[in-house]
Amino acid sequence: MSGAGTHRELREQLGVYALGLLPPEEVPRLRAHLDGCPECRAELAELAPLAADLRLVDPDRLPGPAAPPRALGERVLTAVREESLLREHRERRLARRGLRRAVLVPAAAAVLAAGVASGVTYGLTRPDPAPPAAAPAVLVERLPLTVVAADVRAAGPAVVVPHTWGVEVTFAATGFAPGRTYRALVRTVDGAALPAGEFLGVGARELTCDMQAAVLRADAVAFEVVDEAGGTVLTLPLPRA
Ligand SMILES: [Zn+2]
């Protein structure tokens, strides 16, 4: 189990490791690889302080457009580079029934969103000795939800991520009626409404929803959540570029 395949695979775990979220059973293998791989050691040395930032970041205290700190661009760039890592982590998280969900994703999403707040558009331009197939530019938006239903409260803005396969909307809220099914949809410029997934209400507990629709961000004009009766619960207008 040596060679480029192992190096690439383990290198992708460095961010999770730096965040202290690598499953303990996977740690010895990664550490053994680090012992023999200066490239991964260098990568980890770079990620460690950024991971500390991600762990500590308070979304409410992120700087607005007025005064982006010098380090922000670098942090955003790294956060974007870690998008695949986030996805991997999300899959792992799902496999573990949502444990740790609150630890990584909101903080990283907030850092990503902060890049948008300060008007930063960024791509993955960093040279990589083992370049991935295609490093897409990602522009993540942080947009306010409009809540229509009386009991529902949004815990903050929604995070909208454009993907090559569609659009992803993540938001946190409370007050969805326990056990009731809610349906998310994305409206398009053509007037169509495409499904973005369903979830069950859990009452007063905060719910983090990660909804996805097969609509490109450029074609999407609004995200909505409706209840079982088809009544609108919340809406998120998606501004045209
Ligand atoms: Zn390596």
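Structure: above.
Residues numbered from 1 in each chain as written. Predicted model: local features only at pLDDT ≥ 70, side-chain atom pairs only at ≥ 80, totals over all residues. Heavy atoms only, no water.

Of the protein atoms, only His 7 (ND1), His 33 (NE2), Cys 37 (SG) and Cys 40 (SG) coordinate the zinc ion, at distances of 2.0 to 2.3 Å. One can describe the site at the zinc ion as tetrahedral: its four donor atoms subtend angles covering 105 to 118 degrees at the metal. In primary sequence terms, the donor set of the zinc ion follows H-x25-H-x3-C-x2-C. On the criterion of sequence distance, the pair formed by His 7 in helix H1 (residues 4–11) and Cys 40 in helix H4 (residues 38–56) is long-range, its members being 33 residues apart. Taken individually, His 7 and Cys 40 each receive the classification buried, so the pair is uniform in this respect. (Donors = N, O, S within 2.8 Å, 3.2 Å for Na, K, Ca; no water. Tetrahedral: all angles 85-135°; square planar, octahedral: opposite > 155°, others 65-115°. Helix = DSSP H or I, 4+ residues; strand = E, 2+ residues; numbered from the N terminus. Buried < 20%, exposed > 50% of the residue type's maximum accessible area, 1.4 Å probe, protein only.)

Another point: the pairing of strand S6 (residues 181–188). Examined bridge by bridge, S6 and strand S7 (residues 193–200) share seven bridges and lie antiparallel to one another. Bridge pairing links Thr 181 to Leu 200 in S7. What sits between S6 and S7 in their antiparallel hairpin is a turn of four residues, with Gly 191 showing a positive phi close to 90 degrees. The pairing of S6 with strand S9 (residues 220–226) spans six bridges and is antiparallel. Within S9, the position partnered with Leu 185 by the bridge is Glu 224. (Pairing = 2+ DSSP bridges.)

With that settled, the discussion passes to the environment of Leu 200. The topology assignment puts Leu 200 in strand S7. Given a relative accessible area of 48%, Leu 200 falls into the partly exposed group. Separated by 20 residues in the primary sequence, Leu 200 and Arg 180 have C-alpha atoms spaced 5.4 Å apart. Setting aside residues up to four positions removed in sequence, Leu 200 forms contacts with Gly 179, Arg 180, Thr 181 and Leu 207. (Contact = heavy atoms within 4.5 Å.)

Turning to the sheet that holds strand S10 (residues 232–237), a few remarks are in order. The strands making up a sheet associate through hydrogen bonds between their backbones, and the pairing can be parallel or antiparallel. As summarised here, the arrangement of the five strands in space is S2-S10-S9-S6-S7, forming an open sheet in which the pairing is antiparallel. Whereas interior strands pair on both sides, the edge strands pair on one side only; in this sheet they are strand S2 (146–147) and S7.

Our next topic: the pairing of S10. Pairing geometry for S2 and S10, over two bridges, is antiparallel. Following the sheet pairing, Thr 146 is matched in S10 by Thr 235. For S9 and S10, the ladder comprises five bridges, and the chain directions are antiparallel. Note that in S10 the partner of Glu 224 across the bridge is Thr 235.

Attention now goes to the packing of H1 against helix H3 (residues 27–36). Their axes nearest at 11 Å, the elements H1 and H3 cross at an angle of 115 degrees. The interaxial crossing formed by H1 with H3 has left-handed handedness. The residues of H3 that touch H1, namely those facing Thr 6, His 7, Glu 9 and Leu 10, are Arg 29, Leu 30 and His 33. Of the residues belonging to the contact of H1 with H3, the class tally is two nonpolar, three polar and two charged. (Axes fitted to C-alpha atoms, helices over the stretch in contact; angles between N-to-C directions. Left-handed = near helix turned anticlockwise from the far one by under 90°. Nonpolar A, V, L, I, M, F, W, Y, C, P; charged D, E, K, R; others polar.)

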